[in-house]
Amino acid sequence: MTILKLRQDAVTIFKAGLKAVDPKVSVKSYVKRENKTLIVDKRKYDLDQFDKIYVVGGGKAGASMAAAIEEILGDHITEGFVNVKYGYTARLEKIKIHEADHPVPDDAGRKGAEEIVRLAKSAEERDLLICLISGGGSALLPLPVQSISLSEKQEVTKELLACGANINEINAVRKHMSRFKGGQLARFSYPATLITLILSDVIGNYLDVIASGPTVPDSSSFGDVEEILKRYKIWNEIPDTVRNHFEKGIKGNISETPKAGENSFSKTQNVIVGSNIQAVMAGAEKARELGYQTMVLSSFVEGETKDVARVHSAVAKEILQSGNPVSVPACVISGGATTVTIHGNGKGGRNQEFCLAASLDIPGLDSVVILSGGTDGTDGPTDAAGAICDGETVERAIDKGMNAQTYLRDNNSYVFFKNLNDLLITGPTNTNVMDLRLVLVGN
């Protein structure tokens, strides 16, 4: 079992995980139509009871999810508008696909969010609003409160992404700068019937965290926002206008986001149609087909990327040394989402940094391959889904005049792996359920 074979198998396993979370398949597994009855996760809706049907949403999987809804409802759809990341598009008949930026929001995203709010507000009691939410929705649906400019929101977003905060913490802050997130879209659409279909990119599938939960009660508060920003030592780094807004909320001078029990949620159904565990289990199944003794480590893996990478490298060493937790040929697969605390000025993402950190722990191990990739196809602000490394990665880097430790310190994993031709390139996948990480150990 050569390194080349291990590398090829790693990519095959990763792609099997991607296929399992195809948004169209995911939506159609939960949403069906029988004549004039729409069935959503066993709940039935009589289409004759609705005068108009609107489709809105945001996220990297938005176009594929919208395509599935068009195939199911066809001419029953009155109008639709969905924000997606640049390049994550599809050609549709009834639903307009609008491109915007991610992970830092732009003005195109703001204009799209305003159009979605317009549609939601136009929905009346005998109308149906279908909302399609997937990973990336928070950045793709920016609609800051009037006292905060988009540029100020962008500045806060950059601070949050750089400080090492996890997605739960980042979205708690985003919700309290927004007129859209944290259940506020449900307020706009009430008293229309609201169905939200969700492709989760959040550990634990917390509904109020995925895309900052625009259609569910918000469990976070202005007090939580202050605690988060102070814990990461960026409370005094954010713009004064944003901090003043939070302070007013803490004092009760600004209304909180909608909470459980509010009437806005009385006609709302929220359904998770896909998540990371589906990709993990599909990858594990493919690994077994390829002949690997396979173990699913966890789909809840989070924490600092470099630390998580060292744990995965240690698992590879243990397999070689003692045959635990699985014997060779072995595949250990995990999912979830790690974070990167940025100290350098390089270019990369959490999956590329994971592989760079792992490569430093496995030099000379000639039967180990490690792959880490984002299911959305873009890792951080790069065109790569992730990277792949093995026991020869550090030595090959030295031959090209690169010191792996230096590149890691500078958070410059993209350039490192590009020079080695070891980037994992998938292009836009039109889905997003966090990351897949693979440790393959040959005979």
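Further up the page is the structure itself.
My aim in this report is to walk through the structure given alongside it, one point at a time. (Residues numbered from 1 in each chain as written. Predicted model: local features only at pLDDT ≥ 70, side-chain atom pairs only at ≥ 80, totals over all residues. Heavy atoms only, no water.)

Moving on, we get to the overall build of the protein. Counting its regular elements, the protein contains 16 helices and 15 strands. A globule of 443 residues ought to have a C-alpha radius of gyration of about 22 Å, and the protein, at 22 Å, matches this closely. Judged by the C-alpha coordinates and their principal axes, the protein covers about 65 × 55 × 35 Å. A buried classification covers 58% of the 443 residues belonging to the protein. For the protein, restricting intrachain contacts to residue pairs at least 6 apart in sequence, the fraction spanning at least 24 positions comes to 79%. When the accessible area of the protein is evaluated, it comes to approximately 17,500 Å², of which 46% is carbon and sulfur surface. (Helix = DSSP H or I, 4+ residues; strand = E, 2+ residues; numbered from the N terminus. Rg over C-alpha atoms; globule rule 2.2 N^0.38 Å. Buried < 20%, exposed > 50% of the residue type's maximum accessible area, 1.4 Å probe, protein only. Contact = heavy atoms within 4.5 Å. Areas by Shrake-Rupley, 256 points an atom, 1.4 Å probe, with all protein chains shown as cover.)

It is worth spelling out helix α12 (residues 305-322) at this point. With 18 residues, α12 ought to run about 26 Å at 1.5 Å a step, and its terminal C-alpha atoms sit 26 Å apart, in line with that. Taken together, the buried positions of α12 are occupied by Thr 305, Val 308, Ala 309, His 312, Ser 313, Val 315, Ala 316 and Ile 319. End-on, the buried residues of α12 take up no more than an arc of 145 degrees, which puts them together on one face. Opposite its buried face, α12 presents the exposed residues Asp 307, Arg 310 and Gln 321, each directed more than 90 degrees away. Looking at the buried positions of α12, the neighbouring elements they touch are β10 (293-301), β11 (330-336), α13 (350-359), β12 (368-374) and β15 (435-441). Of the residues trailing α12, Gly 323 is marked for its positive phi of about 80 degrees. (Expected span 1.5 Å × (residues − 1). Arc of directions from axis to C-beta.)

What follows covers the pattern of salt bridges. Taken as a whole and assessed by the stated rule, the structure comprises 26 salt bridges. Between Glu 79 and Arg 118 there is a salt bridge whose closest N-O contact spans 3.0 Å. You can see Glu 79 sitting in strand β5 (residues 79-85) and its partner Arg 118 sitting in helix α4 (residues 107-122), a full 39 residues away along the chain. Overall, Arg 118 belongs to the partly exposed group, its relative accessible area being 40%. Each member of the salt-bridge network shares a partner with another, and the members are Lys 175, Asp 208, Asp 218, Glu 256 and Lys 259. (Salt bridge = Lys/Arg side-chain N within 4 Å of Asp/Glu carboxyl O.)

Before going further, it helps to spend a moment on the side chain of Thr 294. Inspection of the secondary structure assignment puts Thr 294 in strand β10. Here Thr 294 falls in the buried class, since its relative accessible area comes to 15%. A distance of 3.1 Å separates a polar side-chain atom of Thr 294 from the backbone oxygen of Tyr 292. If we ignore the near neighbours within four places in the chain, the residues touching Thr 294 are Ala 284, Ala 287, Arg 288, Val 326 and Cys 331. (Polar contact = N/O pair within 3.5 Å; in protein donor to acceptor, adjacent residues only side chain to side chain.)

Now for the side chain of Arg 7. By secondary structure assignment, the location of Arg 7 is in helix α1 (residues 3-20). A relative accessible area of 15% places Arg 7 in the buried class. Within the local environment of Arg 7, its side chain forms a polar contact with the side chain of Asp 422, the two groups lying 3.0 Å apart. Apart from the residues lying within four places of it in its own chain, the contact partners of Arg 7 are Val 369, Ile 388, Cys 389, Asp 390, Thr 393, Arg 396 and Asp 422.

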